[in-house]
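One letter stands for each residue in the lines below.
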Amino acid sequence: MALHFVTDGAASARPGDAVTLTGTEAHHAASVRRVRVDETVTLGDGRGVWLSGVVIAVGPKQVEVRVASRDEVSEPSPRFVLVQALAKGDRDELAVQAATELGVDAIVPWQAARSVSRWDAKEDKGLARWRTIVREAAKQAHRAWIPEVQRLARTADLVALARTALVLVLEPSASARLTEVAAEASDGRDVVLVVGPEGGIAPEELSALEDAGARLVRLGDTVLRTSTAGAAAVSVLSAAHGRW
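Residues numbered from 1 in each chain as written. Predicted model: local features only at pLDDT ≥ 70, side-chain atom pairs only at ≥ 80, totals over all residues. Heavy atoms only, no water.

As a further point, take the layout of surface pockets. As a volume, the largest pocket reaches approximately 330 Å³. In this structure, the largest pocket is lined by 19 residues; those nearest its centre are Leu170, Pro172, Val223, Leu224 and Ala229. Within the lining of the largest pocket, the residues separate by chemical class into 10 nonpolar, five polar and four charged. (1 Å grid on protein atoms, 1.4 Å probe; cavity = no way out; pocket = protein on both sides within 12 Å on 5 of 7 lines; lining within 4 Å. Points joined across faces, edges and corners; volume = space filled by probe spheres on them. Nonpolar A, V, L, I, M, F, W, Y, C, P; charged D, E, K, R; others polar.)

Shown next as structure tokens:
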């Protein structure tokens, strides 16, 4: 499979045009992936544009690609949104990386009541880190759309979201299985998966979400870590909605 790179220059490019990679993307192409002249690569803008082309020049600070073909990939509908609770160590980062590779369309960091990790004074830094992880994971997976990482949410934000989207809260004690509800029509609304922190979602949070219309579901008879639950749930949705 051809190497894939992301650049804003892909948005308006047409067959015959030359697109230039610069900055970190050029460094990655030339020094890390070691692309060569006449090698076929793909380019995208992360917003649905997908180009195929041939490398025509390689330098340490820029790489030029001649565009051979252009496609525009529609944004998936319904969108799969992962609400990932902040977790200690790198567990939340592992969660968003895997979910991106497996097809999630948007990610919302959540400051849950039981989150050990806190972004109170470092939200911008945390968002920048997650967005970098998501961008690189989307490139690795050759995705035409890079998932949006939204601002940090509090539980009140999720309660408001449950009134407009199909919100499925992953809760090991739930009676309904995700496989039983995954393929239900969302009427075009986002399908939102809520994953709690290491200590689970607090009872008062579960009650507030249920009262707002969210549904509690479980993945099976075992309890997954916060770093793997979201990825597993996205996989179930992808299969149920015919993406896989």
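Pairing of strand S2 (residues 18–22) with strand S5 (residues 62–72), which is carried by five bridges, proceeds in the antiparallel orientation. Across the sheet, Thr22 pairs through a bridge with Gln62, a residue of S5. Connecting the antiparallel pair strand S4 (residues 49–58) and S5 is a turn made up of three residues. (Pairing = 2+ DSSP bridges. Helix = DSSP H or I, 4+ residues; strand = E, 2+ residues; numbered from the N terminus.)

Another point: the pattern of salt bridges. With the rule as written, the count across this model stands at 13 salt bridges. Close ionic contact of Arg79 with Asp190 constitutes a salt bridge, the shortest N to O distance being 2.9 Å. In this pair, Arg79 sits in the loop between S5 and strand S6 (80–85) while Asp190 sits in the loop between helix H5 (178–181) and strand S10 (191–195), placing the two residues 111 residues apart along the sequence. When the shortest N-O distance is used, the salt bridge between Arg154 and Asp120 registers 3.7 Å. Residue Arg154 is found in the loop between strand S8 (148–149) and helix H4 (155–161), and its partner Asp120 is found in the loop between strand S7 (106–110) and helix H3 (123–140); the two are separated by 34 residues along the sequence. We classify Arg154 as partly exposed; its relative accessible area is 37%. With a relative accessible area of 55%, Asp120 lands in the exposed category. A network of salt bridges, in which partner residues are shared, links Glu25, Glu136 and Lys139. (Salt bridge = Lys/Arg side-chain N within 4 Å of Asp/Glu carboxyl O. Buried < 20%, exposed > 50% of the residue type's maximum accessible area, 1.4 Å probe, protein only.)

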